[in-house]
Each structure stands twice: as structure tokens, then as C-alpha cells.
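# Close look at the chain arrangement
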Amino acid sequence: MAMTEDSISTPASDLALFAVDGPIATVTLNRPTAFNAIDLSIAKRLEEIAADVEASDDIKVLVIEGAGRAFCAGGDLQTIGAAAAADKIAPVVGEMLHHYHAFIAALQRMPKIVLASVHGSAAGAGFSLAFMADLCIATEDARFTPAYAKLGVSPDGGGTVGVTAAVGPRRALQIFLAEDSFSAAQAMQWGLLVKVVPAVELKAATRELAHRLAQNAPAAIAATKMLIQRASTSPIEQQLAAERDAIIDCMHTDESRAAIEKFTRKGK
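First, a word on what this report is: a plain description of the structure on this page. Since the model is a prediction, treat every value here as computed from it, not as a measurement.

## Some words on the overall build of the chain
Within the chain, the regular secondary structure consists of 13 helices and 9 strands. A compact globule built from 268 residues would reach a C-alpha radius of gyration of about 18 Å, and the chain, at 20 Å, matches this within 12%. Seen through its C-alpha atoms, the chain measures out along the principal axes to roughly 75 × 40 × 35 Å. In the chain, which comprises 268 residues, the share counted as buried stands at 42%. Accessible area of the chain: about 13,800 Å², with a carbon and sulfur share of 56%. Of the charged side chains in the chain, 24 are positive and 30 negative, and the gap between their average positions amounts to 6 Å.

## Some details on the sheet that holds strand β5 (residues 121-123)
The strand order β5-β7-β8 describes an open sheet built from 3 strands, whose pairing is mixed. Two strands lie at the open edges of the sheet, namely β5 and β8 (182-183), each paired on one side alone. Sheet topology note: the β5/strand β7 (residues 143-145) ladder contains 3 bridges and is parallel. Along β7, the bridge assignment pairs A122 with F144. Lying on the sheet, helix α6 (residues 125-132) is in contact with β5, β7 and β8; it crosses β5 at an angle near 100°.

## Re helix α7 (residues 159-167)
For α7, the full list of buried residues reads G159, G162, V163 and V167. Axial view of α7: buried residues confined to an arc of 100°, hence all on one face. At its buried positions, α7 is contacted by α6 and α8 (169-178). Two residues or fewer after α7 comes G168, characterised by a positive phi angle close to 90°.

## A few points about the sheet that holds strand β2 (residues 24-29)
For sheets, the rule is that strands pair by backbone hydrogen bonds, running either parallel or antiparallel. Spatial strand order, β1-β2-β3-β4-β6-β9: 6 strands in an open sheet with mixed pairing. Edge positions in the sheet fall to β1 (16-21) and β9 (195-197), since each of these pairs with one other strand and no more. Ignoring which end each strand starts from, the neighbouring axes of this sheet average 20° apart. Pairing analysis gives 6 bridges linking β2 to strand β3 (residues 61-66), with the strands arranged parallel. Residue I24 lies in a different strand from β3, and its bridge partner there is V61.

## Comments concerning unusual backbone geometry
With phi around 55°, D87 is a residue other than glycine that occupies positive phi space. Examined against the element boundaries, D87 turns out to sit in the loop between α4 (77-85) and α5 (89-109). Despite not being glycine, A147 shows a phi value in the positive range, around 70°. By the element assignment, A147 lies in the loop between β7 and α7.

## Regarding the pattern of salt bridges
Inspection of the entire model under this criterion finds 9 salt bridges. When the shortest N-O distance is used, the salt bridge between R109 and E54 registers 2.7 Å. Note that R109 is positioned in helix α5 and E54 in helix α3 (residues 40-55), a separation of 55 residues in sequence. Given the relative accessible area of 26%, E54 is considered partly exposed. Shared partners join several salt bridges into a network, and the residues in it are R31, D39 and D76.

Reading the values: rules and limits
- Residues numbered from 1 in each chain as written.
- Predicted model: local features only at pLDDT ≥ 70, side-chain atom pairs only at ≥ 80, totals over all residues.
- Heavy atoms only, no water.
- Helix = DSSP H or I, 4+ residues; strand = E, 2+ residues; numbered from the N terminus.
- Rg over C-alpha atoms; globule rule 2.2 N^0.38 Å.
- Buried < 20%, exposed > 50% of the residue type's maximum accessible area, 1.4 Å probe, protein only.
- Areas by Shrake-Rupley, 256 points an atom, 1.4 Å probe, with all protein chains shown as cover.
- Lys, Arg positive; Asp, Glu negative; His and termini not counted.
- Charge placed at Lys NZ, Arg CZ, Asp CG, Glu CD.
- Pairing = 2+ DSSP bridges.
- Contact = heavy atoms within 4.5 Å.
- Axes fitted to C-alpha atoms, helices over the stretch in contact; angles between N-to-C directions.
- Arc of directions from axis to C-beta.
- Salt bridge = Lys/Arg side-chain N within 4 Å of Asp/Glu carboxyl O.

What follows is the structure in C-alpha cells.
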């Protein structure tokens, strides 16, 4: 695989930084000179981080952000261009997406809330990542660029899953095939964002929202995420049975028992 200069000189652990503060973990895409474009090295690092987050019993919320001037510019076109010139698209892109899609699948699967914090540009795979996260907050000047159609390709990185779940199939087709770029205000109108804030407030607003989400009990987070993901494809009887089983399981946890006891005491 063709490697870019910063991938050669930068340790893999520095390409995506990982920090944990109580119940909140943060992944920072850290290739600012390449606008945090995804190459093989960062894809492998993200897969490792996702496995650590998924295995943790303490983490409730995972925040994904980008260093420098952009959230993520998408797949590394230098790598892809070199692969095309060498007629090695299938092995090179296949290997990169093997690891990157393992990361994306873990985000979808893990019983945590994944929050994308977007500033600058979210393009291509970065666009998909923003909306593959369970929730997305963005700055007022953020730009969302599907980019795939301009390159003559279809989406990757879970974009068809996240965007379609948020806006429906017809709007998703419009976004991927008829929209060059759109603003945070438009994304908010379409239901893709939970909040839009001034650029100087993004860090604080992201942290505030992450802490609000982390107040939820782990069992409640896991069950709610699972139920919502299945809602559109499960028959009503199956979904209601899953709701019944999940709420009973949640009620058996110490957090729920304490909350119910506190509530009932108030009523006396």
C-alpha cells in the first residue's frame, strides 16, 4: 500500500488519539495536515480503539472529533490514486475498508452512545462517519459533502445506514446523488444533527451533551440503542416482545431499582 509521508513518520497511536474521562471516551482523528483523511494506518488504529471501548464496562459515551481545521476529509485520495495507478484498487481499498468497516460496525454494535463532534469539513467517509454515529453535533460553519458521486463511486463507511435511518430512502438518494455540499443549518433541518453551535462553543457543548448522555444507566443506553436500531425492520409483535424483555432486564439493575425507589418515596 502507498503510504503518505505523515503515516510513515507518525506512530500509529498518534494518528487517532484516545482519552477516557470517567464514563466519557474521546477519539480524536489526528492527521491535521491531511484533514484527517482515512488511510490504512488510521483505520487499523480506529479498529483497535473501538475494541477497547466496546470491551469497557465503564465507558458510556464515545465522542469522535477531528484535530486541526476539519473533522474528516474522507478516504485518503493519495493512497487510492496510487492504488488505481498500480491497478491494485481491490487489494488496497479492500484491506483499508476491512479495518475501517470493523471500526464502523463496532460503533453500531457497541452498547454505548456514539457522538460525532463536527467542525470544518465532513466529506466522503468523514461525512458517513458523522452520521453513522448515534448523534451528531456541529458548528454553524460546518460543511457536509457526500463527495462520492463526484468521484463516480457509491458510499462507504456506513453512510447508507446512518443517513437513511435519519432521513429515509428518498432523501438519502437526494443527499448522495444530488447534493454537492450542504450547511449545518440544512443538516439540522433534515434531522441529521442534534445541535448546532458557534465554533468557539463546540468543545464545551459537546462535553455538556456527552455528560448529559452519560447520566443514563448503562443498561438503559444499551437496550434503547438496540431497540431503536431494530424498530424499522422488526414485526410489531417481535418489537413489543423485545421491549418487554428489555425493560424487565433494566428494572433488575441496581440503577433502576434505586431510581424507582427514589421516585416512589417522593410520592408519599
